[in-house]
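In case you want the letters, here they are:
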Amino acid sequence: MSGRKPTYRELKQRVEELEGIIEGRLPGQELRQSREMLEMVLENFPQRIFYKDLSGVYRWCNKLFARDAGVEDPEKIIGKTDHELAWTKDEADFLTETDRRIMETDTPEYRNLEPRQRKDGEPAWFEINRIPLHNLQGEVVGVLGTYQDVTEREQMELALWESEQRLESILSTVPDIIYRLDAKGKVVFISDAVRKFGYTAEELVGKSLLDIIHPDDKEKAVFRINERRTGIRSAQSLEVRLLTKEQDSVPFQLSFRNVDQEPVMLISAEGIYDSDKPERKRFLGTQGIARDITERIQAEEEKEHRNQQLLQADKMISLGVLVAGVAHEINNPNNFIMMNAPILQRAWENIGPVLEEYYRENGDFIVAGVAYSAMRDRIPELFNGISEGAGRIKNIVQNLKDYARQESRGLTEDVDVNAVLKSALTLLSNLLRKSTGSLSVKYADRLPRVRGNFQRIEQVLMNVIQNACQALPDPGRSIAIRTRYDPENRRVIVNVRDEGVGIPKKDLKRILDPFYTTKRDSGGTGLGLSVSAGIMEDHGGKLEFSSSPGKGTVVSVILPAAPQAAGS
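Because the structure is a prediction, the values reported are computed rather than measured.

Asker: Which residues make up the pattern of salt bridges, and what are the values?
Answerer: Following the criterion strictly, the structure yields 21 salt bridges and no others. Salt-bridge contacts for E127 lead to R111; the nearest nitrogen and oxygen are separated by 3.5 Å. With E127 in strand β4 (residues 123-134) and R111 in strand β3 (residues 109-117), the pair connects residues that are 16 residues apart, well separated along the chain.

Next comes the structure, spelled out in structure tokens:
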């Protein structure tokens, strides 16, 4: 017979043959022939076989069993108990008790794994089957047992288990994700490193890797998998975004740089084939490693950011030098304007009575292409506008010089923020009319004053309101501005809310950086909010931003109330 394990039917048949021999059911010659045939079969059976009576005494065994018991001749086993054989006392007690239980309960037991000790003292494992034997009346008269030495199998399984444990231990300490896919792209194995992204290895096994790949990257992933299938090797790693379990709508990436600080992975993959011969080569699957390179990407971005800061710092140094020279060039012609405009205004005031008398005597006449009757009230406003514009030029130049020097000057006024806002809205009235058809402004009553500089606070509000106007995609969107007082923190706050395009998350943290702008193509310099932040810092205040892309932005201009105002 082969080395296969006997079936229950075969064992039962042999038991019945033994029972027939025991009870003498077979006559004469037939009995002898059957006995000889059975003994020949049992002696050549690849398993150890024994038979005990009710008292636990051995009545028969084959040669393999006899050798395990320490003797060569099976006849020397007959009539002995387990305590008289080469077993240890513990083994003999165990075997005696087990066989007694089988006979008392009349219940067979199959494939029991039991430890033993060989004659040479080496430990061994045996897989044992025990069946109760019956007479013609159905009474239990003994027990038949078969067993085989499975030590080598158990040692191999133990070695395999230990190897798996070592491999599992190694994989648990490796931060990279190690994976294997079958030919259809389904996960066969994946290491526990995936827990970092909200998954367990068990729930991913059997799933298609495409199930957790971002929809926009599935086509690329399928293309790369087909590369592996055909045996074409690519120098590039697989670059796709995967969906995390906790944030199904927020993808993390595989070697794909995203601006929202999501996990970044670098995946390498290699095809698995059943042969190296081209004519027999069959694709079995893909295996590879996914490495989290988020920190590396962030470090590269931080390095780039630092480089940009150095460039900006260099620009600021250059700006300081430039401002010192340009301020002089601008101030010279501006001084002419500031000095001459009041003289011209006084000249107009002196000429006014003469022109009025001429008008009364001769009627209306033309001045600069416009009737005198229309111009006589308008010209004083023009002179005032020239003087105010020249004054603003002077203030802007001074603010640039102050910003370049990073020092605060002239912050000694008690400023009414409501008045500052009204002035800023007047100056921006034309831009506001063009930008939105829905502007609402609310001024807080009895708003405390702040300590600072009227023109510089006005400059901040104008920058913030201008940005709100530029953020609106059409005049149908609204801008809402309100002032309020926070008594708990003693702060005066101006909120500017727009329904514009919003600010992406990646830009919010850099929006105050000098020269950083998303509107460079339309003339943005990146200085407006940066200068404003510097002015607010000089005043002991700050700018705060809250934005949702597509929904709009709220900018809060926050200033500490003047000590006396806050106390009152």
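Asker: Residues and numbers for the sheet that holds strand β18 (residues 491-498), please.
Answerer: What the five strands build is an open sheet, ordered β15-β17-β18-β20-β19; its pairing is mixed. Two strands close off the open sheet at either side, each with one partner strand: β15 (438-442) and β19 (542-548). The sheet shows a mean angle of 15 degrees between the axes of neighbouring strands, taken without regard to direction. The pairing of strand β17 (residues 478-486) with β18 spans eight bridges and is antiparallel. Across the sheet, the residue bridging to I481 is V496, located in β18. Lying on the sheet, helix α12 (residues 454-471) is in contact with β17, β18, β19 and β20 (552-560); it crosses β18 at an angle near 20 degrees.

Asker: Please give an account of the packing of aromatic side chains that cites residues and values.
Answerer: Two measures describe an aromatic ring pair: the distance that separates the ring centres and the angle between the ring planes. Under the counting rule described, the total for this entry stands at nine aromatic pairs. Relative to Y58, the ring of F50 has its centre 5.8 Å away and its plane inclined at 70 degrees; by these criteria the two rings are edge-to-face. With respect to burial, F50 and Y58 carry one shared label: buried. Where Y358 meets F365, the ring centres are 5.3 Å apart and the plane angle is 80 degrees; that geometry is what we call edge-to-face. Judged by relative accessible area, F365 falls into the buried class, the value being 18%. Members of the aromatic cluster, each reached through a chain of ring pairs, are F50, Y58, F65, W87, F126 and Y147.

Asker: Residues and numbers for the packing of helix α10 (residues 417-427) against α12, please.
Answerer: Direction vectors running N to C along α10 and α12 enclose 55 degrees, while the axes themselves pass 9 Å from each other. Of the possible angle classes, the one that applies to α10 and α12 is oblique. Taken as a pair, α10 and α12 cross one another with a handedness that is right-handed. Contacts between α10 and α12 pair A419, V420, L421, S423, A424, L425 and L427 from the former with F454, I457, E458, L461, M462 and I465 from the latter.

Asker: So what about the nonpolar core? Which residues, and what values?
Answerer: Grouped burial of nonpolar side chains is what soluble globular proteins tend to show. Membership of the largest hydrophobic core comes to 36 residues, with the highest contact counts inside it found for I465, I479, I481, V496 and V557. Counting only elements with at least two residues in this core, the list comes to α10, α12, β17, β18, α14 (528-538) and β20. The dominant element in this core, judged by the number of residues it contributes, is α12, at eight residues. Beyond its immediate sequence surroundings of up to four residues, I465 is in contact with L421, L425, L428, L432, I481 and V496. Judged by nonpolar contacts, the second largest core, of 16 residues, contains I177, F197, Y199 and L209.

Asker: Describe the side chain of T436, with residues and values.
Answerer: Along the chain, the position of T436 falls in the loop between α11 (429-435) and β15. A polar contact is formed between the side chain of T436 and the backbone nitrogen of S438, at a distance of 2.9 Å. A polar contact of 2.6 Å, which involves the side chain of T436, links it to the backbone oxygen of R477. Look past the residues within four positions of T436 in its chain and what remains in contact with it is L472, P475, R477, S478 and I479.

Asker: Got a sec to walk through unusual backbone geometry? Specific residues and values, please.
Answerer: Peptide bonds are, in most cases, trans, and in most cases residues other than glycine have a negative phi. Here the phi dihedral of A368 falls at roughly 55 degrees; this positive angle occurs in a residue that is not glycine. Note on placement: A368 falls in the loop between β12 (366-367) and β13 (370-371). Despite not being glycine, R446 has its phi angle at roughly 50 degrees, a positive value. Within the secondary structure, R446 sits in the loop between β15 and β16 (450-452). R446 sits in the exposed class, given a relative accessible area of 80%.

Asker: Outline helix α4 (residues 89-105), listing residues and values.
Answerer: Taking 1.5 Å per residue as the helical rise, α4 with its 17 residues ought to reach 24 Å, and the 24 Å between its terminal C-alpha atoms agrees with that figure. Within the span of α4, buried status applies to E91, A92, L95, T98, D99, I102 and M103. One face of α4 carries all of its buried residues, which in axial projection span an arc of 135 degrees. Of the exposed residues in α4, the ones pointing more than 90 degrees away from its buried face are K89, D90 and E104. Looking at the residues trailing α4, positive phi occurs at D106, about 55 degrees.

Asker: Before we move on, can you summarise the confidence of the model for the protein with the specific residues and values?
Answerer: Residue-level pLDDT values for the protein average 77, and 71% of them are 70 or greater. Contacts of residues 247-262 to residues separated by more than four positions or lying in other chains number 52 contacts, the stretch itself having pLDDT below 50. Across residues 520-526, where pLDDT falls below 50, the model places 11 contacts with residues more than four positions away in sequence or in other chains.

Asker: I'd like a description of the pairing of β19, backed by residues and values.
Answerer: Sheet topology note: the β19/β20 ladder contains seven bridges and is antiparallel. Among the inter-strand pairings, S548 is bridged to a residue of β20, identified as G552. The hairpin turn running from β19 into β20, its antiparallel successor, is three residues long, and G550 in that turn takes a positive phi close to 85 degrees.

What counts as what
Residues numbered from 1 in each chain as written. Predicted model: local features only at pLDDT ≥ 70, side-chain atom pairs only at ≥ 80, totals over all residues. Heavy atoms only, no water. Salt bridge = Lys/Arg side-chain N within 4 Å of Asp/Glu carboxyl O. Helix = DSSP H or I, 4+ residues; strand = E, 2+ residues; numbered from the N terminus. Pairing = 2+ DSSP bridges. Axes fitted to C-alpha atoms, helices over the stretch in contact; angles between N-to-C directions. Contact = heavy atoms within 4.5 Å. Phe/Tyr/Trp six-rings, centres within 6.5 Å; stacked < 30°, edge-to-face > 60°. Buried < 20%, exposed > 50% of the residue type's maximum accessible area, 1.4 Å probe, protein only. Parallel < 35°, antiparallel > 145°, perpendicular 65-115°, else oblique. Left-handed = near helix turned anticlockwise from the far one by under 90°. Core = buried A, V, L, I, M, F, W, Y, C linked by side-chain atoms within 4.5 Å. Polar contact = N/O pair within 3.5 Å; in protein donor to acceptor, adjacent residues only side chain to side chain. Expected span 1.5 Å × (residues − 1). Arc of directions from axis to C-beta. pLDDT = per-residue confidence, 0-100.

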